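# Commentary on secondary and tertiary structure
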Amino acid sequence: MKYLKQTIPSLLLLNLIFSVIFSNKNYADNKILLEISDSPGVTKTTLLDNPDCIMAFNQAYGADAREGLNTVNGKRIYLGVGTAVNQFKIPLKHSDSQQGRWINALRKSQLLAEIRAKQSYALNKKSTIERDITNETLMQIAVDPSKGYFMNEDEISALDELKHFFSRQLSESHKDDKKAYSKDEREAAVKTLISQEKFQDVIKIAAYADMNGIQTIYTNYHKKTNEFCVVVTRTNDSHLMARGLRKNQSNLLKPDLSKASDPIIDQLKDESELLHFTHGLRILRDENGELELVAYVIEPYEFSADKKVMGNNDYNAMRKAERRAKSLINNFINESIYTQSIDSMTEITTTYNDEADNGIKVSDYYSESFTESRLKYESSGYVMGFKKIKSKNAINSISGEPIHIYIGSISAKHLREALILKSKRLQR
């Protein structure tokens, strides 16, 4: 017994040491999330034999992250995860009717997985918003139910306005009976209010509003299941780019030398087969710390008559890819417009149908029903400052189909100069 008494403190000490070591390991593993959420740079594309998307993400980045909320050094970082299966299987019959079908299906699965990942992000964010609103509204009412949450309306966030809104509503509902307004009654009132459908819609709007600047940070194609997966998050750089594009705020597009990287052309010189599976938008920083919005597009085409990867077919594919790259950028700009349509004070307190200015519901914009319309959107219109970075032919390593790889971008420097010039013209 004496030995046991002496051993118990030792066991507790060892347990504490192991606990500290383990917690430090998790923190060390997830420090990469802090870097990614700030300025991810070139994100990873893999062909890992791992059907679990978040496990593949951890394997690629050396992290220990989870889908949804991750807290690293006090900072909340949300990861949205989405997957989609390519409807065409390998091998294909390379007839005229089948050529390019697998690549087109892959592009659809890439886009669908990305949309599902964004929905996952918003759903996880909504759960946290509900919890925060409940806790902070209760605390605010207990201190001073008449006090507002903001001093400057220009700096108010959607979440801050929600807190003020709920506080005001509860204060009004109990202004004639404050003595009977106990802690339990306050908690019940908050939960009852939040559960109402119209307020659930408002909370959903706040969750979508936080998606302004959401970015794909990881993709993986799993050959055995013919499945594409995507991990997304909101990054500081992408958020700046989205706000700068949405409001034409050139001051948000300034360079940051502390984030300077290699020249963009060097960052994009990857010639591996991974480039065949890289899709969508990335936010990079160049050697001067300038933001660069980069679009990756893979466009299939048919072999020419002599079965060589030459001729007009690849030129037409290049032009299609260019239009698609521009449409991806326009979608990014439109997303930032739709998800920020609740900026005004009156809109969030009086409107519950989460509609953007053009009548499209924010939730519908991120729905799978919009997949086809996005894919068909080729007439992108004018994209200020757009330029081609890379354009080359290749053969997809899995399907054997000829593809055109196209990478285009918009430089924040060029955008800033154009916006300043436009402003000067308007002032004349």
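From a predicted model like this one, the values you see are computed outputs, not experimental measurements. (Residues numbered from 1 in each chain as written. Predicted model: local features only at pLDDT ≥ 70, side-chain atom pairs only at ≥ 80, totals over all residues. Heavy atoms only, no water.)

## What to know about the overall build of the protein
Heads up, the condition is: Only runs of H or I of at least four residues qualify as helices and only runs of E of at least two qualify as strands under DSSP, and these elements are numbered from the N terminus. For every residue, the accessible area (1.4 Å probe, protein chains only) is compared with the maximum for its type, and the residue is labelled buried under 20%, exposed over 50%, or partly exposed between those bounds. Two residues qualify as a contact provided that any one of their heavy atoms is within 4.5 Å of a heavy atom in the partner residue. Only the protein chains shown count as cover for residues, and the accessible areas themselves come from Shrake-Rupley with a 1.4 Å probe.
Secondary structure assignment for the protein yields 13 helices and nine strands. A burial count over the protein gives 48% of its 428 residues as buried. Here the contacts in the protein between residues at least 6 apart in sequence split such that 72% fall between residues at least 24 apart. Carbon and sulfur atoms form 51% of the exposed surface of the protein, whose accessible area is close to 21,600 Å².

## A short note on the sheet that holds strand β5 (residues 227–234)
To keep it simple, the criterion reads: One requirement defines pairing of two strands: DSSP has to find at least two bridges between them. To obtain each axis, a line is fitted to C-alpha atoms, and for helices this fit is confined to the stretch in contact; angles are then taken between N-to-C directions over 0 to 180 degrees.
The mixed open sheet is built from five strands, whose spatial order is β1-β4-β5-β3-β2. Across the chains shown, the open sheet's two edge strands, defined by having one partner strand only, are β1 (44–46) and β2 (68–72). Averaged over all adjacent pairs, the angle separating strand axes in this sheet is 25°, with direction ignored. With three bridges connecting them, β1 and strand β4 (residues 214–222) associate as parallel partners. Its bridge partner lying in β4, Lys 44 is registered against Tyr 218.

## Observations regarding the environment of Phe 166
With respect to the secondary-structure elements, Phe 166 resides in helix α4 (residues 158–173). The residues touching Phe 166, leaving out its near neighbours within four places in the chain, are Ile 133, Thr 137, Leu 193, Ile 194, Phe 199 and Ile 203.

## Notes on the pairing of β2
The pairing of β2 with strand β3 (residues 75–85) spans five bridges and is classified as antiparallel. For Leu 69, the partnering residue across the bridge sits in β3 and is Tyr 78. The turn joining β2 and β3, which pair antiparallel and follow one another in sequence, is formed by two residues; a positive phi near 55° is taken by Asn 73.

## Observations concerning the side chain of His 222
Selection rule: Pairing of N or O atoms within 3.5 Å defines a polar contact, subject to two protein rules: one partner must be a possible hydrogen donor and the other a possible acceptor, and residues neighboring in sequence count only if both atoms are side-chain atoms.
Residue position: His 222 is located in strand β4. With a relative accessible area of 5%, His 222 lands in the buried category. For His 222, the side chain forms a polar contact with the side chain of Asp 49, separated by 2.9 Å. If we ignore the near neighbours within four places in the chain, the residues touching His 222 are Leu 48, Asp 49, Asn 50, Pro 51 and Glu 227.

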